[in-house]
Amino acid sequence: MKGVPTRVTWTNHLPPHHILPWDRSLAAARVGNAAGIPTVAHLHGGVQQSTSDGHSMAWFTSGFATTGPHFSSPAYEYPNQQLPGNLWYHDHAMGLTRVNILAGLLGAYRVADPAAEAPLGLPSGAEFDRNLVLFDRDFRSDGALFMNATGNNPDVHPQWQPEYFGTAVIANGKAWPFLRVRRRRYRFRILNASNARFFRLSLSGGLRFVHVGSDSVYLARPVPTEGFLLAPSEIADVVVDFAGSKHDAVTLRSDAPAPYPGDPGEKADTVAVMKFVVGSKLEHDPSTVPATLMPRYPKPDTREAVVTRHIAMYEYTKNGTDEPTHLYLNGAAYTDPVTETPREGTSELWEVINLTDDNHPLHILDHEDNEMMRPMKIVR
Ligand SMILES: [Cu+2]
């Protein structure tokens, strides 16, 4: 609730050994010879103090037996003093995020502002305003999660694969589920919580989405679309009106190549995400989509930039192979000394140059609680 702080004291109840491959050759959370799985929760899109932001080196193991160098306290405060919108929280432990998120350490989070949102008249209440959390997974024949435990460069990183693509699409914890819906409007806050898979979503039967929000903020005006791209960690807030459906079943599906965008002209197969089973009788629908939604954060004025910085992302490969071993920014590792030191109160223009084969969604974590987070999308 906007203006009402959420206070969480995080505890770690993970088992002593990871259920998925934890590659100890990565620059990562190090527990030495101790048992226990490091974890730390990051609220993505939240504006909070750095001590509550889930720094990747603020991890801790069960019972706080081992803690990372940035760990200070497990008592976090999320002020919720920001515009209403959609966030999510997930594990952020250095070098383990890929396996900890795959194992399920994630969830959806909303900042609600009823005084500002109720007058919009959008579909509301638990039945008509739903979170859809999407990701891809592979499973063993006994139903256990599967992650390949052989690295792409096994003599460098024995178990590390830079990307993960599962064959099953999971929506709210179930593979290819269905939802019974009435013939009326629904609001879906769709999160892509995949490690690497982009979704390009559309609906069968000619139904459209009306976008009302993107990540942690509302749009100024609703935008109707037939389909849209959703990169990992992005959230689309959409309204779908099933009243006009000509069919009693509607499929939400994706046709994004994996990895994205793939080779020029690559046509990916369309895969099902989930199904909506549409009721037969037309319902009274008190909800609406208004012509205007909410004011947004002011747009930055690039003329105010005092510095232009160039940040190049480069993936290093082992000699004679195409397989990456690591990714550096301007040739520097995560553990190297800080090179970019913007001054508080000034504006800068950052040009991020993606020299890798794939798209990489980026966003800036603000650790001083004075500027809003804006996701940046970098296209090669
Ligand atoms: Cu984040």
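For the structure, see preceding data.
Model, not experiment: these values are computed from the prediction. (Residues numbered from 1 in each chain as written. Predicted model: local features only at pLDDT ≥ 70, side-chain atom pairs only at ≥ 80, totals over all residues. Heavy atoms only, no water.)

A. The arrangement of the pairing of strand β16 (residues 235–241) in detail. Counted residue by residue, β16 has 6 buried out of 7 residues, so it is predominantly covered. With 7 bridges joining them, strand β11 (residues 185–192) and β16 adopt antiparallel strand pairing. The residue bridging leucine 191 from the neighbouring strand is isoleucine 235, located in β16. Here strand β13 (residues 209–214) runs beside β16; their pairing, made up of 4 bridges, is antiparallel. Bridged to histidine 211 within β16 is valine 238. (Buried < 20%, exposed > 50% of the residue type's maximum accessible area, 1.4 Å probe, protein only. Helix = DSSP H or I, 4+ residues; strand = E, 2+ residues; numbered from the N terminus. Pairing = 2+ DSSP bridges.)

B. Layout of the sheet that holds strand β5 (residues 106–111). Spatially, β2-β4-β5 is the arrangement adopted by the 3 strands of the open sheet, whose pairing is antiparallel. Two strands bound the open sheet, and with one partner strand each, they are β2 (41–44) and β5. When strand polarity is set aside, the average angle formed by the axes of neighbouring strands in this sheet is 25°. Of the strand pairs in this sheet, β2 and strand β4 (residues 85–91) are connected by 4 bridges, and their pairing is antiparallel. Within the sheet, the bridge partner assigned to histidine 42 lies in β4 and is histidine 90. (Axes fitted to C-alpha atoms, helices over the stretch in contact; angles between N-to-C directions.)

C. The arrangement of the nonpolar core in detail. One finds Phe188, Ile190, Leu201, Phe242 and Phe276 to be the most contacted residues of the largest nonpolar core, which totals 27 residues. Element by element, the count of residues in this core is highest for strand β18 (residues 271–282), at 4 residues. Beyond its immediate sequence surroundings of up to four residues, isoleucine 190 is in contact with Leu132, Leu134, Leu201, Phe228, Leu230, Glu234, Ile235, Ala236 and Val238. Leu20, Tyr76, Leu102 and Tyr164 belong to the second largest nonpolar core, which has 21 residues in total. (Core = buried A, V, L, I, M, F, W, Y, C linked by side-chain atoms within 4.5 Å. Contact = heavy atoms within 4.5 Å.)

D. Layout of a nonpolar patch on the surface. There is a patch of nonpolar side chains on the surface, built from Tyr314, Ile353 and Leu355 and spanning about 280 Å² of accessible area. Inspection of the secondary structure puts isoleucine 353 in strand β21 (residues 347–354). (Patch = residues over 30% accessible without salt bridge, like charges linked within 9 Å, V, L, I, M, F, W, Y side chains within 5 Å. Areas by Shrake-Rupley, 256 points an atom, 1.4 Å probe, with all protein chains shown as cover. Salt bridge = Lys/Arg side-chain N within 4 Å of Asp/Glu carboxyl O.)

E. Summary view of the side chain of threonine 225. Position of threonine 225 among the secondary structure elements: in strand β14 (residues 217–225). By relative accessible area, threonine 225 is classed as buried at 19%. Reaching out from threonine 225, the side chain makes a polar contact with the side chain of histidine 211 at a distance of 3.3 Å. If we ignore the near neighbours within four places in the chain, the residues touching threonine 225 are Arg208, Phe209 and His211. (Polar contact = N/O pair within 3.5 Å; in protein donor to acceptor, adjacent residues only side chain to side chain.)

F. Up close: the pairing of β18. The sheet contact formed by strand β10 (residues 178–183) and β18 spans 5 bridges and is parallel. Each residue of the ladder has a partner; that of valine 181, found in β18, is valine 278. The sheet contact formed by strand β17 (residues 249–254) and β18 spans 6 bridges and is antiparallel. Residue pairing in the sheet places serine 254 in a bridge with valine 271 of β18.

G. Just the sheet that holds β21, in detail. What the 3 strands build is an open sheet, ordered β20-β19-β21; its pairing is mixed. In this open sheet, the two edge strands, each paired with only one partner strand, are β20 (324–329) and β21. The mean angle between the axes of side-by-side strands here comes to 15°, regardless of whether they run parallel or antiparallel. Alignment of strand β19 (residues 305–317) against β21, held across 8 bridges, turns out to be parallel.

H. Representation of the packing of aromatic side chains. Considering all chains together, one arrives at 16 aromatic pairs under this definition. Their ring planes at 40° and their centres at 5.8 Å tell us that phenylalanine 64 and phenylalanine 71 sit as a pair that is tilted. The class for phenylalanine 64 is partly exposed, based on a relative accessible area of 31%. For the ring pair phenylalanine 128 and tyrosine 186, a centre distance of 5.3 Å and an interplane angle of 75° mean the geometry is edge-to-face. Of the two residues, phenylalanine 128 sits in the loop between α2 (114–117) and β6 (129–139) while tyrosine 186 sits in strand β11, which places them 58 residues apart along the sequence. Phenylalanine 128 sits in the buried class, given a relative accessible area of 14%. Connected via pairs of aromatic rings, a cluster forms that spans Phe128, Tyr186, Phe188, Phe242 and Phe276. It is arginine 24 that lies over the ring of tryptophan 22; its NZ or CZ is 3.6 Å from the centre. Note that arginine 137 overlies the ring of phenylalanine 135, its terminal NZ or CZ placed 3.8 Å from the centroid. (Phe/Tyr/Trp six-rings, centres within 6.5 Å; stacked < 30°, edge-to-face > 60°. Lys NZ or Arg CZ within 6 Å of the ring centre and 35° of its normal.)

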